[in-house]
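# A look at the structure
Letter by letter, the chains look like this.
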Amino acid sequence: MYASMTVALLVFAYGVWRRLRIWRLGRRQVVWDHLGARFRRLLAALLQATVLRRRLPGVMHALVFFGFLVLFGGTLVVFLDSDLGIKLNHGAFYLGFESLTVDLFGGLFLLGLAIAVYRRYLLRPWFLERREPSDALLLVPLLLIALTGFALEGMRLAVVHDRWGGWSPIGLAFSHALAPLGRSGLRSAYPWLWAAHVLMWHAFLAAIPYTKAMHWFTSPLNIFFSRPVAPRGVPAPTDFDAEPVRLGISAPADMTWKQLFDLDACTECGRCESVCPATAAGKPLSPKRVILDLRDAIRAGGADAGPLAGGVVLPEALWACTTCRACEEACPVGIEHVSTIIGLRQNLAMDQVVVPPGVAETVTALEAREHPFRGASSGRTDWLEGLEVQELDAVEDADDLEVVYWIGCAAAFDERAQQIARALVRVLQHAGVRFAVVASKERCNGDVARRTGNEFHYDMLGNANVEMLNGAGVTRILTHCPHCLQQLRHEYRRFGGDYEVVHHTELVASLIEQGRVRLAPDAGERVTFHDPCYLGRYNRQFDAPRLVLDALKVQRVEMARSRGESFCCGAGGGHAFYEDADDGEKINAIRAREAAATGASTVVTACPFCLTMLASGARAVSSGEQSLRTRDVVELVAEALAD
Amino acid sequence: MHAVVLLKEILDWELPASKFRVDDEAKRPPLDLGPSLLGPFEQNALELALQLKDAGVVTRVTALLAAPGEPVDGLRKALALRCDEAVQVVAEGADAADPSQTAELLVAALRRLESPELVLAGRQAGDWDHGQVGYLVAERLGLPAVGLVFRAERDGDRLRVWRVAPGGVEQLGVRPPAVLTVTSDASLQLRMGSVMDRMAANKKPITRWTVEDLGLSPERLAAARRLEIVRTWAPEIERQCEVIDGDDPAEIVATVLSRLEELKLLSRSP
């Protein structure tokens, strides 16, 4: 037994070493910060909280996981007891744990495997792609090991007539079933079955690093290593002074080791694909395929695998991503798809120059005018006309201000979004907030450049904005745009921009709470709130907009997918400025239908891009009389102000 | 074949109407109204030159620009897109709005450049819209010129060019050396360069020739001047808004139609 165990462990070690060699190709990535948060996430995952977010597969996984742990514990006890002479197996412990607990959890383990077989081979959800023989190679040996284990227990009970047999109820059932074979038959079969049981387990152990079972080790580690706090979904920065410059991901060595580790943590469960807006709209992207295609290519080609961007993963797939992070939110093992996808895009955009026409035009516009809106019909400060608002330039001491209002390009150049800015100004003035607007000094925050892989242009814009803000002594910033929020709050730290940044829903919620905003709402309107990805999943702010809506006394209903599971409007990742080549269904139309299905008359959001997308989505799906209104939260607040 | 592209930077053509104004004394918009950018037709001409280089028809592309000061957009962009050389005629004392004077400077520079066999210009500069420089250059160099070209291919020892003609497209053969003026076309959207090329372009030199370097005397330059701007003004846009109210959509449509007829903006067919 020890010989086969040694062989198994050697084969196992070789498999791990092969994996390790791939992970070591990657660049450095810090994973030891925020240890408390990392351990909390790991603990939640081990307690099955993450997988249990989906009922049937969650229950299946929990049964198999806990069943296996207890069975493994039971085996360990036997090892300690009979091989190391640490006598544990007697008395109450023997009956309570080794007999009853192990027996029952063995049953649960079998039940879990049965659910897995049922789901994979009979139920067959569309995102659970069958990959044979690897699926069967995981399930069948585990089933056989468990069944032979029970058979062995049943044989023992049948032969020795253990009067404590009732403590192993399932084993007892097996013993009744096996009794017809007779005591001598059972006695002679026992050693053979035992050897088969042990050898199967050793073979399985040896195979772990070569099969999906590797996730027993890689998944918990990956959960620990994945970033536990905001900012998430951010690409690794590019060092343009390096020699040679690494422009995005083309080869495995361009990835961080964590990005490579992600590939081996994947259990192919398909949850990412099942929530991906691009997949849902029939676009040529599946986040699962991105991970698996990279994994397969790198396993086969090692350090020379590639070109990864545009070769292993097709440009159309990469450009279809809205960077909404629904995949990362759904992933039970902490895979960070988005930063890898943007890394691949960086190579397409900056090195190969394989970009959709709209991206090229947007980057050209950014370069020429420092905003992404082409053919803008108004100037950056036109929307201020008729408003008594002071510009930051005219303020002597920025410390006297409560906040500096960062308008963002959408409100500066898009007439619909200007109404959000005007509404917010009304609310701020009503509440007596001391503020100034940056207005004429603003440049694009660079989000569209960064998410489309144009890190070079992003760097220029980010540096210039931080230099301007720091020069003006700005410390507290207000914005109504979640993309500006993400940049100003998190991503500008890289350029030395360290600000306290508040989203307008957060500020308005606190102004209402403080009694500084007094409302006289008309009660009763039925509304539903669409969580913008960059406010919700990126910045974990789900409550502030809802608190504001509740203060407005509206009848708030939730869509089928909301909060962390919100479905993207389709604008993220630069999509507000370009169309996919193979434009399947419109993502915004899918979302507008979901909003309409709540019976709400208005869909409310808190992002100028979501607003535009939902408005056109609502037009596309409206049927004659029933048309869905689209509003920003603050527009409803401005309408309901008490005079 | 060595091709030279004539470039010009103009005031941002997407400047909102509300921001546009004219300096009455200078009779032109002030320089600080907005960024100066490589003009849209010049972008098309540059793209056509680069496509001809990709196709192997042209072996070398030089970007040539005549402007005072240190223009930043056009020549750097040309280098970042792998033009082989960038030359500026430092046109102090010349009027960028005068096609004749501009052509004089460009011709002097073209004579100094090694045997360009193909000169590509935008069909017109997007600011003054004269559309003359390309033809003036051709005339002074004694070369054939084809206008409004949007595509070109090698055809033996000639170039086959496609040009916009009234109601259709005309195909012509032209034997270099020749001048082409280039019009806009979806296929001539200026490409986006790679970051590597862009960073390399920042290290490439821009050749700068003064008017004296080109052997042009101030008198000769002044004599080349043909344009006098009498007056420039921005059109005044008046907006009048009339709200037509009503509950019945059919009635509203009828009112809108009759108002449009009254304003002579619409006439109904009998």
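Calculation criteria
Residues numbered from 1 in each chain as written. Chains lettered and ligands numbered in written order. Predicted model: local features only at pLDDT ≥ 70, side-chain atom pairs only at ≥ 80, totals over all residues. Heavy atoms only, no water. Helix = DSSP H or I, 4+ residues; strand = E, 2+ residues; numbered from the N terminus. Buried < 20%, exposed > 50% of the residue type's maximum accessible area, 1.4 Å probe, protein only. Contact = heavy atoms within 4.5 Å. Pairing = 2+ DSSP bridges. 1 Å grid on protein atoms, 1.4 Å probe; cavity = no way out; pocket = protein on both sides within 12 Å on 5 of 7 lines; lining within 4 Å. Points joined across faces, edges and corners; volume = space filled by probe spheres on them. Nonpolar A, V, L, I, M, F, W, Y, C, P; charged D, E, K, R; others polar. Domains from an automatic or database assignment. Salt bridge = Lys/Arg side-chain N within 4 Å of Asp/Glu carboxyl O. Buried area = accessible area lost by both parts, 1.4 Å probe. Axes fitted to C-alpha atoms, helices over the stretch in contact; angles between N-to-C directions. Polar contact = N/O pair within 3.5 Å; in protein donor to acceptor, adjacent residues only side chain to side chain. Patch = residues over 30% accessible without salt bridge, like charges linked within 9 Å, V, L, I, M, F, W, Y side chains within 5 Å. Areas by Shrake-Rupley, 256 points an atom, 1.4 Å probe, with all protein chains shown as cover. Lys, Arg positive; Asp, Glu negative; His and termini not counted. Charge placed at Lys NZ, Arg CZ, Asp CG, Glu CD. Core = buried A, V, L, I, M, F, W, Y, C linked by side-chain atoms within 4.5 Å.

### Structural notes on the overall build of chain A
- Counting its secondary structure elements, chain A contains 26 helices and eight strands.
- Here the C-alpha coordinates of chain A stretch approximately 100 × 60 × 50 Å along the principal axes.
- Every one of the 643 residues in chain A was classed for burial, and the buried ones make up 56%.
- Sequence separation of at least 24 residues holds for 79% of the intrachain contacts in chain A that already meet a minimum separation of 6.

### Examining helix α2 (residues 73-80) of chain B
Residue and element names in this part refer to chain B.
- With seven of its eight residues buried, α2 lies for the most part within the structure.
- By the burial criterion, the buried members of α2 are Asp 73, Gly 74, Leu 75, Lys 77, Ala 78, Leu 79 and Ala 80.
- With its phi angle positive at about 75 degrees, Arg 82 sits one or two positions after the end of α2.

### Describing the pairing of strand β1 (residues 403-406) of chain A
Residue and element names in this part refer to chain A.
- The alternating pattern of β1 places Val 403 and Tyr 405 and Val 404 and Trp 406 on opposite faces, both of which are buried.
- Across three bridges, β1 lies against strand β3 (residues 476-479) in parallel orientation. What sits directly across from Trp 406, in β3, is Thr 479.

### Comments concerning empty space enclosed by the protein
- For the structure shown, the criterion picks out eight cavities of 30 Å³ or more.
- Reported here for the largest cavity is a volume of approximately 320 Å³.
- What lines the largest cavity is a set of 24 residues, and nearest its centre among them are B:Lys8, B:Glu42, B:Thr102, B:Ala125 and B:Val133.
- When residues of the lining of the largest cavity are traced back to their parent elements, those giving at least two are β1 (2-7), α3 (99-112), β6 (118-122) and α4 (133-141) of chain B.
- The leading source of residues in the lining of the largest cavity is α3(B), at three residues.
- Residue composition of the lining of the largest cavity, by class: 11 nonpolar, eight polar and five charged.
- A volume near 210 Å³ is recorded for the second largest cavity.
- For the lining of the second largest cavity, the secondary structure elements donating two or more residues are α17 (408-413), α19 (447-451), α21 (482-489) and α25 (608-621) of chain A.
- Among the residues forming the lining of the second largest cavity, the class breakdown is 14 nonpolar, seven polar and two charged.

### What about the domain arrangement of chain B?
- Parsing chain B into structural domains produces domain 1 (2-223) and domain 2 (240-270).
- Inter-centroid distance (C-alpha atoms) of domain 1 of chain B to domain 2 of chain B is 48 Å.

### Observations concerning the pattern of salt bridges
- A complete count under the given rule lists 63 salt bridges over all chains for this structure.
- Across the salt bridge formed by A:Glu594 and A:Arg561, the nearest N and O atoms sit 2.3 Å from each other. Here the residue A:Glu594 occupies a position in helix α24 (residues 587-596), and A:Arg561 occupies one in the loop between β6 (555-557) and α24, the gap between them amounting to 33 residues.
- Taking the relative accessible area as the measure of exposure, A:Glu594 reaches 14% and is therefore buried.
- Residue A:Arg561 is classed as partly exposed on the basis of its relative accessible area of 24%.
- Between B:Asp197 and B:Arg82 there is a salt bridge, with its nearest N and O atoms 2.7 Å apart. Residue B:Asp197 is found in helix α5 (residues 195-201), and its partner B:Arg82 is found in the loop between α2 and β5 (85-90); the two are separated by 115 residues along the sequence.
- For B:Asp197, a relative accessible area of 18% corresponds to the buried category.
- By relative accessible area, which is 53% here, B:Arg82 ends up exposed.
- Three or more residues joined by partner-sharing salt bridges are found here, namely A:Asp447, A:Arg450, A:Arg451, A:Glu455, A:Asp459, A:Glu491 and A:Arg494.

### Some details on the interface of chain A and chain B
- Opposite the 27 residues of chain A that make contact, chain B presents 17 residues.
- The contact between chain A and chain B buries some 1700 Å² in all, and 60% of this surface belongs to carbon and sulfur atoms.
- Seen at the junction of chain A and chain B, the total is four salt bridges.
- A salt bridge links B:Glu14 to A:Arg369, with the shortest nitrogen-to-oxygen separation between them at 3.6 Å.

### Description of the sheet that holds strand β5 (residues 526-529) of chain A
Residue and element names in this part refer to chain A.
- Sheet architecture is open: four strands sit in the order β6-β5-β7-β8, paired in parallel fashion. With partners counted over all chains shown, the strands left at the sheet margins are β6 and β8 (629-632), one partner each. Strand-to-strand twist in this sheet, taken as the mean axis angle between neighbours without regard to direction, amounts to 35 degrees.
- In this structure, β5 lies alongside strand β7 (residues 602-605), joined through three bridges in parallel fashion.

### Concerning the sheet that holds β3(A)
Residues and elements named next belong to chain A.
- Taken in spatial order, the four strands line up as β2-β1-β3-β4 in an open sheet, and their pairing is parallel. Strands with a single pairing partner mark the edges of an open sheet, and in this sheet they are β2 (435-437) and β4 (500-503). This sheet shows a mean twist of 30 degrees between the axes of neighbouring strands, independent of strand direction.
- Relative to β2, β1 runs parallel, the two sharing three bridges. Across the sheet, the residue bridging to Tyr 405 is Val 437, located in β2.

### Here's the deal with the side chain of A:Arg325
Residue and element names in this part refer to chain A.
- Here Arg 325 shows up in the loop between α13 (315-319) and α14 (326-330).
- In this structure the side chain of Arg 325 is engaged in a polar contact, spanning 3.1 Å, whose partner is the backbone oxygen of Arg 537.
- Those residues in contact with Arg 325 that lie beyond four places of it in its chain are Arg 232, Gly 233, Val 338, Arg 537, Tyr 538 and Arg 540.

### A word on the domain arrangement of chain A
Residue and element names in this part refer to chain A.
- We note that the domain assignment places domain 1 (31-221), domain 2 (230-354), domain 3 (375-512) and domain 4 (517-639) within chain A.
- Put simply, the middle of domain 2 and the middle of domain 3, counted by C-alpha atoms, are 31 Å apart.
- Domain 2 puts 16 residues into the contact, and the matching count from domain 3 is 12 residues.
- Regarding the contact of domain 2 and domain 3, the summed buried area is about 1100 Å², with carbon and sulfur atoms giving 61% of it.
- Interface area lost by domain 2 to domain 3 is led by Pro 231, Pro 237 and Phe 240, which between them contribute 31%.

### Notes on the side chain of A:His371
- One can find A:His371 in the loop between α16 (357-369) and β1.
- Within polar-contact distance, the side chain of A:His371 engages the backbone nitrogen of A:Phe373 at 3.1 Å.

### Some remarks on a negative patch on the surface
All names here are of chain A.
- On the surface, Glu 396, Asp 397, Asp 399 and Asp 400 cluster together to form a negatively charged patch.
- Along the chain, the position of Asp 400 falls in the loop between α16 and β1.
- Owing to a relative accessible area of 49%, Asp 400 belongs among the partly exposed residues under this scheme.

### As for the nonpolar core
All names here are of chain A.
- Judged by nonpolar contacts, the single largest core of 85 residues is most densely connected at Trp 383, Tyr 405, Phe 435, Val 437 and Val 637.
- In terms of residue count, helix α18 (residues 415-431) provides more of this core than any other element does, nine residues in total.
- Split by domain, this core shows at least three residues from each of two domains, domain 3 (375-512) and domain 4 (517-639).
- Setting aside anything within four residues of it in sequence, one finds Trp 383 in contact with Tyr 405, Ile 407, Ala 411, Ala 412, Gln 418, Ala 421, Arg 422, Val 425 and Val 437.
- Counting residues in hydrophobic clusters, the runner-up holds 68 residues, among them Ala 206, Met 255, Leu 292 and Tyr 578.

### A short note on the environment of A:Leu100
- By secondary structure assignment, the location of A:Leu100 is in helix α4 (residues 91-123).
- Taking the relative accessible area as the measure of exposure, A:Leu100 reaches 27% and is therefore partly exposed.

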